[in-house]
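Structural overview
If you want the building blocks of each chain, they are given just below.
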Amino acid sequence: QPLRVYDPGYMNTICCTSKISYIDGDKGILEYRGIPIEELAEKSTFVEVAYLLINGELPSKSQLQEWDEKLRKHTFIHTDASQMMKSFRYDAHPMGMLISTLAAISTFHPEVNPALAGEGVYKNQDIVNKQIYRILGSLPTIASNSFRNRIGREHNMPHENMSYVENFLYMLDKLNEKEYKPHPKITRALEVLFILHAEHELNCSTAFVRHLSSSGVDIYTAIAGAAGALYGPKHGGANEAVLRMLEEIGDLKNIPQFIKDVKDRKKLLMGFGHRVYKNYDPRAKIVKQIAYQVFEITGKEPLIEIAIELEKIALSDPYFIQRKLYPNVDFYSGVIYRALGFPTDMFPVLFTIPRVAGWLAHWKEYLNDKENNIVRPRQNYIGPEKRNYLPVEQRK
Ligand code: CMC
């Protein structure tokens, strides 16, 4: 019998090797392909970072140009997919719409679905790259459609001459048709948030991409499944949960009671704690700075006061210190999204768009991994011992 270890939550299980991102949770370090997150946030663009994550190196000038063009060419989604999105209820959660649409788009590409086209279809690098362009390129469009549904407006078409992030903002608003251009500082702020959210090694959703891919399922279904994992309030839904928490607290004077409830284990301090970071999340530091840059344009979001006071109290309280609970990336991002005017239920969508770059990087790495066995953990059975079937008439 091979040695098997009981490891709920996979706290101690290493299930793959990877060259994509490096985290030192004790020191608060995050690197994408060896490059510190702080440098990328300062100097790079989301599109360039996506290239780096997926292809392993920063692109040359011509590679970047070609990559950018490919993504732009794939911003449109099939009109049937757009039509399908219009059939969601007016108050459907944007993440629900996004997840379902991604899964539905799987049915639009049977020629590259391993279930139909054969297991070897993803051995063709051109086919793999094409799916990457399609998914990454069309994601802002699907996301903006889900937002437009939510506010009861027509879907907007992508703008061919705008950057990735600019185009996303444009599709959300498109106030004065072609003349409308999102504010450059707002665009840059969202771009940095996209860079920070693009990848984070084997978090719950990324692990799920590998998990689903191991069954040989098509990449659209795998990405939809991963987005399902991201939707949860302990993962990508945390930014939404933080905002709801700040609203619930509502006033500085209610913070002590809230902290008491957390310590009495009645509540979680959302946006705090991390499976890997047992020190300040390096992304949270950058997000906090961005908040103030955004407020210069949008005006101060009042909930920031509650967030700062909460952080101050938590960081000096033995309960949180002993458990190494620090703000994570989601603690301040929600406040920024609110200042930018996003409805709270759009927050996890704003996390999903960039994280897809990380998922696709892991998918590509997984496809080239010789050890890519189907994921199949074992369990400790603790149910009843063998017994006989009892006909329904004899049951109590
Ligand atoms: N508020 C209060 N107590 C907490 C929190 C929190 N947010 N997080 C952990 N704890 C306590 C926990 O109760 C435990 O206490 P004890 O040892 O007395 O039982 C101790 O801290 C250790 O926590 P844990 O549950 O073993 O930590 P974990 O690594 O399993 O969980 C986590 C990590 C992120 C799920 C958890 O910290 C959490 O639920 N945080 C709130 C949700 C959140 O902000 N999630 C976003 C994570 S960052 C973005 C992402 O990756 O998606």
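Per an unreviewed UniProt entry, the protein chain goes by Citrate synthase and derives from Paramecium sonneborni. Turning to the protein chain, the UniProt record has this under Sequence similarities (unreviewed entry): "Belongs to the citrate synthase family." Entered under Pathway (unreviewed entry) in the UniProt record, the comment concerning the protein chain runs "Carbohydrate metabolism."

For the ligand, the set of nearby residues contains 20 residues, the closest of which are His235, Arg265, Leu269, Gly271 and Arg275. For the ligand, an oxygen atom lies 2.9 Å from a polar atom in the side chain of arginine 323. Considering the ligand on its own, with 940 Å² of exposed area, one finds that the protein chains cover 76% of that surface. The residue makeup of the shell around the ligand, split by class, is 8 nonpolar, 6 polar and 6 charged.

Glancing now at the packing of helix 15 (residues 303–315) against helix 17 (residues 330–339). Across the interface, helix 15 lies against helix 17 with an axial gap of 10 Å and an inter-helix angle of 170 degrees. Our classification of the angle between helix 15 and helix 17 gives roughly antiparallel. Here Leu303, Ile304, Ala307, Ile308, Leu310 and Glu311 of helix 15 come into contact with helix 17, specifically with Phe331, Tyr332, Val335 and Arg338. Residues of the contact of helix 15 with helix 17, tallied by class, amount to 8 nonpolar, no polar and 2 charged.

What follows is about the packing of aromatic side chains. Taken as a whole, this structure holds 14 aromatic pairs when the rule is applied. Between tyrosine 122 and tryptophan 363, the ring centres sit 4.9 Å apart and the planes meet at 90 degrees, which makes this aromatic pair edge-to-face. You can see tyrosine 122 sitting in the loop between helix 6 (114–117) and helix 7 (125–150) and its partner tryptophan 363 sitting in helix 18 (residues 347–367), a full 241 residues away along the chain. Tryptophan 363 matches tyrosine 122 in its accessibility class, with the two residues each being buried. With 6.2 Å between their ring centres and 35 degrees between their planes, phenylalanine 168 and phenylalanine 194 make a pair best called tilted. Taken as a pair, phenylalanine 168 in helix 8 (residues 164–173) and phenylalanine 194 in helix 9 (residues 184–197) lie far apart in primary sequence, 26 residues in all. The exposure class of phenylalanine 168 is buried, given its relative accessible area of 0%. When its relative accessible area of 1% is taken as the criterion, phenylalanine 194 is described as buried.

Spatially, the 3 strands line up as an open sheet ordered 1-2-3, and their pairing is antiparallel. Two strands lie at the open edges of the sheet, namely strand 1 (21–24) and strand 3 (35–36), each paired on one side alone. Of the strand pairs in this sheet, strand 1 and strand 2 (residues 29–32) are connected by 4 bridges, and their pairing is antiparallel. Bridge pairing in strand 2 places isoleucine 23 opposite leucine 30.

Now for the state of the cysteines. This structure, assessed with the given rule, holds 0 disulfides. Counting only cysteine sulfurs, cysteine 15 is the nearest neighbor of cysteine 16, a cysteine outside any disulfide, at a range of 4.5 Å. The cysteine cysteine 204 is free of any disulfide, with cysteine 15 supplying the nearest cysteine sulfur at 12 Å.

For the rest of this paragraph, the subject is the pattern of salt bridges. Following the criterion strictly, the structure yields 19 salt bridges and no others. The partner of arginine 89 in a salt bridge is aspartate 91, and the shortest N-O contact between them spans 2.8 Å. The class of arginine 89 is exposed, set by a relative accessible area of 55%. Put simply, arginine 244 and glutamate 240 hold a salt bridge, and the shortest N to O gap is 2.5 Å. Placement of both arginine 244 and glutamate 240 in helix 12 (residues 238–249) is noted, with a separation of 4 residues, approximately one turn of the helix. Residue class for glutamate 240 comes out buried when judged on its relative accessible area of 10%. Several salt bridges share partner residues, and in doing so they unite Glu248, Asp261 and Lys267 into one network.

Calculation notes
Residues numbered from 1 in each chain as written. Predicted model: local features only at pLDDT ≥ 70, side-chain atom pairs only at ≥ 80, totals over all residues. Heavy atoms only, no water. UniProt positions renumbered as here; feature names shortened; annotations may be inferred. Near = heavy atom within 4 Å. Polar contact = N/O pair within 3.5 Å; in protein donor to acceptor, adjacent residues only side chain to side chain. Areas by Shrake-Rupley, 256 points an atom, 1.4 Å probe, with all protein chains shown as cover. Nonpolar A, V, L, I, M, F, W, Y, C, P; charged D, E, K, R; others polar. Axes fitted to C-alpha atoms, helices over the stretch in contact; angles between N-to-C directions. Helix = DSSP H or I, 4+ residues; strand = E, 2+ residues; numbered from the N terminus. Parallel < 35°, antiparallel > 145°, perpendicular 65-115°, else oblique. Contact = heavy atoms within 4.5 Å. Phe/Tyr/Trp six-rings, centres within 6.5 Å; stacked < 30°, edge-to-face > 60°. Buried < 20%, exposed > 50% of the residue type's maximum accessible area, 1.4 Å probe, protein only. Pairing = 2+ DSSP bridges. Disulfide = S-S within 2.5 Å. Salt bridge = Lys/Arg side-chain N within 4 Å of Asp/Glu carboxyl O.

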